[in-house]
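Structural description and commentary
For reference, the chains in residue letters:
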Amino acid sequence: MRGLRKYRAYRKFSRDKMAVVALGVIVVYVLVAALVRLGFFEAVGASHERPIVADKQAVAYYTPGSTQSWQHWLGTDRQGRSILVRALYSINVAISVGMVTALVAVLVGTLLGATAGYFGGRIDDLVVWLYSTIESIPYLLLLMVLSYSAGLYFGKGIITIYVAFCATFWTGVCRVIRGEAIRLRDAEFVQAAKALGIPAPLIVLRHIIPNTSHLAFVYFSLEFIGAIKSEVILSFLNLGVQKEASWGIMIEQARAELAVDFYWQIGAATAFMFLLVLAFNIFTDALQDALDPKSV
Amino acid sequence: MGAYVIRRLLQGVPILIGVTLITFTLLNVFGGDPVVARLGKSSTLEDQAALRAEYGLDKPLWQQYFRYLQEISTFDFGRSFVTRESVRDILASGAGPSLSITMPALLLTTLISITLGMISAFNRGKAIDRAIVVLAVMGMSVSFLVYIVAGQYFVAFKTGWFQIYGYESGLVERWQYLYLPILIQVIVGVGYDVRFYRAVMVDESTKLYIVTAYAKGLPRWKVMFKHMLKNALIPIITRVMIAVPFLVTGSLLIESFFGIPGLGHRMLAAIDEQDYPVIKAFTFVISSLFIAGNIVTDLLYAAADPRVRLR
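Given the structure is predicted, the values throughout are model-derived calculations rather than measurements.

A short note on the pattern of salt bridges
Counted under the stated rule, the structure contains eleven salt bridges over all chains. The salt bridge partner of A:Asp124 is A:Arg178, with a shortest N-O separation of 2.6 Å. Of this pair, A:Asp124 sits in helix H5 (residues 121-135) while A:Arg178 sits in helix H8 (residues 170-185), placing them 54 residues apart in sequence. Judged by relative accessible area, A:Asp124 falls into the buried class, the value being 10%. For A:Asp285, the salt bridge is made with B:Arg195, and the minimal N-O distance between the two is 2.5 Å. Residue A:Asp285 is located in helix H13 (residues 264-291), and its partner B:Arg195 is located in helix H8 (residues 175-205); the two belong to separate chains. Relative accessible area serves as the criterion here: at 26%, A:Asp285 is assigned to the partly exposed category.

Next up, the structure:
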């Protein structure tokens, strides 16, 4: 039964050409992130920190098309760093933050949600109280306060972002999975498992959670987008990453450059981020369509 | 209904206590020492001790927490670390500018989104539907920051149509500063909302009462506005009411980058300056509004749909 549902979802998804293209784009981004991690760009002499402009006294921007900069496809910033390389390095931070946040959020949200929904009672009250409390604080405000406090302990950087995001992003998944678990609790196959004397934790793990996996997939994708967008905003506000390259930092720097009509940095950061988020949005839609067609 | 409201309000109390616990833990327990940050590292120990005593930071944590609860329950949130203003005054003076942006923005966003969502749903699969959906997805995929930075530079600075930065408190004068922030807010909001309302309307349009309405020969506009809109009211109310508590607080990013002295701006500054009393009071007020908003939403459900019973 479950196998059939999976197969149908797969068929529906793979017929959606846009969705397959979007998935391809996401895969390319993940590969670039992996290359950055493995030091491929450093190895070919492209560091996001090191100025590549040979002419040391040149502090001006190089725009593509000018003779000195034929090797920097998207020009350089004020410090002479290649904008293309910085935009590529930013992918690493974006994908890392998205991956870690989405994984932890879905894992924690599913476990807590399924447990709360299945057992009810005190555990349920506690979990509902926890996510209601977190959700009643505006998320950007909570993220900012969290990254400020976490930053004092872990230093401003990607670890702080992980801590802040993982602490907040699980609530949406948890709410939805809990609702589904309450619905499944009375289903016949769960009642049958109960009658067979299977211990409750096993029922949650083997029967409840696998039957909520369609929601987990959709939410993984949604949290991924949310984390990428939030990382850019926090880095822009100087509460996010510092040493690494981030589209948020690029946009922040680009504000001053606009005054001298230099658009390449903001353009590159916007375009790189736009393509990834767009691909993820299309992918999520298709996923939702294939797995959970009833949802609004 | 009175009993229902009272019970819901009581249910909100543990959540509010949770909110105070979170902010208190994050700031008073794990946050840095605001006193040294305020007075500077070269300040004398006596000065530091005096300021610490004034804000009760020399007491044990549990006493600090009870002082915080006491402040909240009397709606006297103490004074700002930075400006020494009473936090209540900050809240009162910031709400106006924030509301001037968020209220028109929410109204416009909702009207435009519902209209586009209906157009899309009624032409499902046709070119206009696809265009609306594609534009909405693309709009959602651009970072909020880019709208602000690009809007400020290309639209306000280059064309000179709008003020770039600033605010005047006069009821008429303020608008010249608000057009662009409102416009940006609406563009961002419509991207998200159109798809939601389209899905609601598509869902509604497959129901049998719509078929009946067409079968008895009603014109399309009548089906759209009289039958469908009324039945789609519940999701619309939910969507709008989620945004209402946050109207007062405005947008952190928009306000600070357009220099509008609303609560969002004050909040961002407070985080920057470690102004703990402001951060704590602010979080508490928004969360209270959020909980109140949830209760009002449920009351509106019952008003909009006779099938809904308040339990």
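Focus on the packing of aromatic side chains
Going through the model one piece at a time under the given rule, you end up with 23 aromatic pairs over all chains. With a centroid separation of 5.1 Å and an interplanar angle of 70°, the aromatic rings of B:Phe24 and B:Tyr65 are classed as edge-to-face. One end of the pair, B:Phe24, is in helix H1 (residues 2-29); the other, B:Tyr65, is in helix H4 (residues 61-73), with 41 residues separating them in the sequence. Relative accessible area serves as the criterion here: at 6%, B:Phe24 is assigned to the buried category. Put simply, the rings of A:Phe13, A:Phe220, A:Phe224, A:Phe280 and A:Phe283 touch in pairs and so form one group of aromatic residues. Above the ring of B:Phe196, the side-chain terminus of B:Arg239 is found at 4.4 Å from the ring centroid. Here the guanidinium or amino end of B:Lys280 rests over the ring plane of B:Tyr68, the centre of that ring lying 4.6 Å away.

A look at unusual backbone geometry
The phi dihedral of A:Asn238 is positive, around 70°, even though this residue is not glycine. Of note, A:Asn238 is situated in the loop between helix H11 (213-236) and helix H12 (247-258). Unusually for a residue other than glycine, B:Arg84 sits at a positive phi of about 65°. Tracing the backbone through its elements, the reader meets B:Arg84 in the loop between H4 and helix H5 (87-122).

Re the packing of helix H4 (residues 83-119) of chain A against H13(A)
Residues and elements named next belong to chain A. With their axes 10 Å apart at the nearest point, H4 and H13 run at an angle of 35° to one another. In terms of crossing hand, the pair formed by H4 and H13 is right-handed. Between H4 and H13, the contacting residues are Ile83, Leu84, Arg86, Ala87, Leu88, Ile91 and Ile95 on the first element and Trp264, Gln265, Ala268, Phe272 and Leu276 on the second. For the contact of H4 with H13, the per-class residue count stands at ten nonpolar, one polar and one charged.

A word on the packing of H4(A) against H8(A)
Residues and elements named next belong to chain A. With their axes 7 Å apart at the nearest point, H4 and H8 run at an angle of 35° to one another. Note that H4 runs across H8; the crossing there is right-handed. Only Trp170, Val173, Cys174, Ile177, Arg178, Ala181, Ile182 and Arg185 of H8 make contact with H4, whose side of the interface consists of Ala105, Val106, Val108, Gly109, Thr110, Leu112, Gly113, Ala114, Ala116, Gly117 and Tyr118. Grouping the amino acids of the contact of H4 with H8 by side-chain chemistry returns 13 nonpolar, four polar and two charged.

A short note on the interface of chain A and chain B
Listed as interface residues are 39 residues of chain A and, on the opposing side, 44 residues of chain B. Both faces considered, chain A and chain B share a buried interface measuring about 3700 Å² in area, 77% of it formed by carbon and sulfur atoms. Seen at the junction of chain A and chain B, the total is one salt bridge. Run the count over chain A and chain B and you get twelve residue pairs in polar contact (both at pLDDT 80 or more). Every element with two or more residues in the side of chain A that touches chain B is listed here: H5, helix H6 (139-154), H11, H12 and H13 of chain A. In terms of residues, the side of chain A that touches chain B owes the most to one element, H6(A), which gives ten residues.

Structural notes on helix H7 (residues 158-168) of chain A
Residue and element names in this part refer to chain A. Within H7, eight of the eleven residues are buried, leaving the element largely enclosed by the surrounding structure. When H7 is considered as a whole, its buried residues turn out to be Ile158, Thr160, Ile161, Tyr162, Ala164, Phe165, Cys166 and Thr168. Packed against the buried residues of H7 are helix H2 (17-38), H4, H5, H6, H8 and H11.

Here's the deal with the environment of B:Gly259
Residues and elements named next belong to chain B. With respect to the helices, strands and loops of the structure, Gly259 is situated in the loop between helix H12 (252-258) and helix H13 (263-272). Looking at Gly259, the relative accessible area reads 12%, which means it is buried. Along the sequence, Gly259 and Tyr177 sit 82 residues apart, while their C-alpha atoms lie 9.2 Å from each other. Beyond its immediate chain neighbours, meaning those up to four positions away, Gly259 contacts Tyr165, Gly166, Tyr167 and His265.

Considerations on helix H11 (residues 233-243) of chain B
B:Ile236, B:Ile237 and B:Met241 are the residues of H11(B) that are buried. Seen end-on, H11(B) carries its buried residues on one side only, within an arc spanning 120°.

Reading the values: the criteria
- Residues numbered from 1 in each chain as written.
- Chains lettered and ligands numbered in written order.
- Predicted model: local features only at pLDDT ≥ 70, side-chain atom pairs only at ≥ 80, totals over all residues.
- Heavy atoms only, no water.
- Salt bridge = Lys/Arg side-chain N within 4 Å of Asp/Glu carboxyl O.
- Helix = DSSP H or I, 4+ residues; strand = E, 2+ residues; numbered from the N terminus.
- Buried < 20%, exposed > 50% of the residue type's maximum accessible area, 1.4 Å probe, protein only.
- Phe/Tyr/Trp six-rings, centres within 6.5 Å; stacked < 30°, edge-to-face > 60°.
- Lys NZ or Arg CZ within 6 Å of the ring centre and 35° of its normal.
- Axes fitted to C-alpha atoms, helices over the stretch in contact; angles between N-to-C directions.
- Left-handed = near helix turned anticlockwise from the far one by under 90°.
- Contact = heavy atoms within 4.5 Å.
- Nonpolar A, V, L, I, M, F, W, Y, C, P; charged D, E, K, R; others polar.
- Buried area = accessible area lost by both parts, 1.4 Å probe.
- Polar contact = N/O pair within 3.5 Å; in protein donor to acceptor, adjacent residues only side chain to side chain.
- Arc of directions from axis to C-beta.

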